[in-house]
Amino acid sequence: MKVYVIGVGLIGGSMALDIQDLYPEAVIFGVDSNDSNLNEAERLGVVHKSAPIEAVADADIVIVAVPVDAALIIVPKVLDLINDNALVFDTGSTKAAVCKIISNHPRRKQFMATHPIAGTEFSGPTAALRGLFEGKTNIICEVEKTAFKLQEKGMQLFRDLGMRIRLMEPKAHDRHIAYVSHLSHISSFMLGKTVIVKEKHESDIFDMAGSGFESTVRLAKSSPAMWTPIFKQNKKQVLKSLEEYIANLEHFRNLLEQDNFEAIFEEMQNTNRIREILNRQQQRN
């Protein structure tokens, strides 16, 4: 089995490592615009060999794990190059744009629009982790537009990786993910900015920062090269989520100004329900 991973960073690299373990006969080829990333991926054993993008003509599976703006260029190009039996899937955090751009491609049936909801704040080949996808959810959009035989091929791979499958329409995916992922990253980035601007001496931040700050700002270490295109592609839904979030922040500020600490207590107590909701979701899964 010949697997081509385009983008040998956290997601693509982690998938490559797991595929090597699951399918010892597989040959993993790395494709990346960054030569140093490719060299590092080979050195670490994340991929077996590097290859130019044109080599995907020989692929059984092509994994496109690149920033979402690059995916709009690369996915159609890969579909132009592949053979008639190859499966192509992307791993991007937005789905409407990529589904739209290849909607009329002659090889649309060979593409699966997927979003494995897994990751860390780190990037590059050194961030690749075995077992990253175990127990994680993989959102698949417009699955009915993929040829059934290739659907089966993709679903089997995802199950072997340990992922749960959820089917969703692209616009619904982008709307929901704006709240539970994209807004979280914006909040983390802006909290980090607020503290950096306010605290002129880094030692003050590190001396006083507790585990609460560290966990909340963790996502601010994520790659701007990856996240700026996500915010651009999902601008409409991100703006909606931001409007609601800012309204809640302003409401909290107004309660503070009014010394209404009873209402603040009730706000926080009601929000504690998030723990029960998440626990129920974990039990269902």
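Okay, so let's go over this structure. (Residues numbered from 1 in each chain as written. Predicted model: local features only at pLDDT ≥ 70, side-chain atom pairs only at ≥ 80, totals over all residues. Heavy atoms only, no water.)

**Structural notes on helix H10 (residues 235-257)**
Then, in step 1: Spanning 23 residues, H10 covers 32 Å between terminal C-alpha atoms, matching the ideal 33 Å at 1.5 Å per step.
Then, in step 2: Along H10, the residues that are buried comprise Gln 237, Val 238, Ser 241 and Leu 255.
Then, in step 3: Buried residues along H10 sit against helix H6 (170-198), helix H9 (224-233) and helix H11 (261-271). (Helix = DSSP H or I, 4+ residues; strand = E, 2+ residues; numbered from the N terminus. Expected span 1.5 Å × (residues − 1). Buried < 20%, exposed > 50% of the residue type's maximum accessible area, 1.4 Å probe, protein only. Contact = heavy atoms within 4.5 Å.)

**Examining the pattern of salt bridges**
Then, in step 1: In the structure shown here, the tally under the stated rule is nine salt bridges.
Then, in step 2: A salt bridge links Glu 142 to Arg 108, with the nearest nitrogen and oxygen atoms 3.1 Å apart. A residue pair is termed long-range when its members are at least 10 positions apart, and Glu 142 in the loop between strand E7 (137-141) and helix H5 (148-160) and Arg 108 in the loop between helix H4 (96-101) and strand E6 (111-116) qualify at 34 residues. By the burial criterion, Glu 142 is buried, and Arg 108 matches it.
Then, in step 3: A salt bridge links Glu 142 to Lys 145; the nearest nitrogen and oxygen atoms lie 3.4 Å apart.
Then, in step 4: Look at Glu 142 and you get buried, because its relative accessible area is 11%.
Then, in step 5: Beyond isolated ion pairs, a larger network of salt bridges with shared partners links Arg 108, Glu 142 and Lys 145. (Salt bridge = Lys/Arg side-chain N within 4 Å of Asp/Glu carboxyl O.)

**Side note on the side chain of Ser 241**
Then, in step 1: Inspection of the secondary structure assignment puts Ser 241 in helix H10.
Then, in step 2: Discounting residues that sit within four places of it in the chain, Ser 241 has contacts with Ala 178, Tyr 179 and Leu 183.

**Examining H9**
Then, in step 1: Among all positions of H9, only Trp 227, Pro 229 and Ile 230 are buried. Down the axis of H9, the sector holding all buried residues measures 160°, keeping them to one side. Looking at H9, the residues exposed on the side facing more than 90 degrees away from the buried face are Pro 224, Ala 225 and Lys 232.
Then, in step 2: The secondary structure elements touched by the buried residues of H9 are helix H3 (68-81) and H6.
Then, in step 3: Capping of H9 at its N-terminal end is provided by Ser 223; its side-chain oxygen lies 3.2 Å from the backbone amide nitrogen of Ala 225. (Arc of directions from axis to C-beta. Polar contact = N/O pair within 3.5 Å; in protein donor to acceptor, adjacent residues only side chain to side chain.)

**Let's talk about unusual backbone geometry**
Then, in step 1: The backbone of Glu 142 shows a phi angle near 55°, a positive value even though the residue is not glycine.
Then, in step 2: Located in the positive-phi region is Asp 259, a residue other than glycine, with phi close to 55°.
Then, in step 3: For Asp 259, the position within the fold is in the loop between H10 and H11.

**Details of the sheet that holds strand E2 (residues 27-31)**
Then, in step 1: Taken in spatial order, the eight strands make up an open sheet running E3-E2-E1-E4-E5-E6-E7-E8, and their pairing is mixed. Strand pairing shows two members of the sheet lacking a second neighbour, strand E3 (49-50) and strand E8 (164-168), which therefore form its edges.
Then, in step 2: Summarising the sheet, E7 and E8 pair through five bridges and their orientation is parallel. Looking across to E8, one finds that Asn 138 is bridged to Ile 165. (Pairing = 2+ DSSP bridges.)

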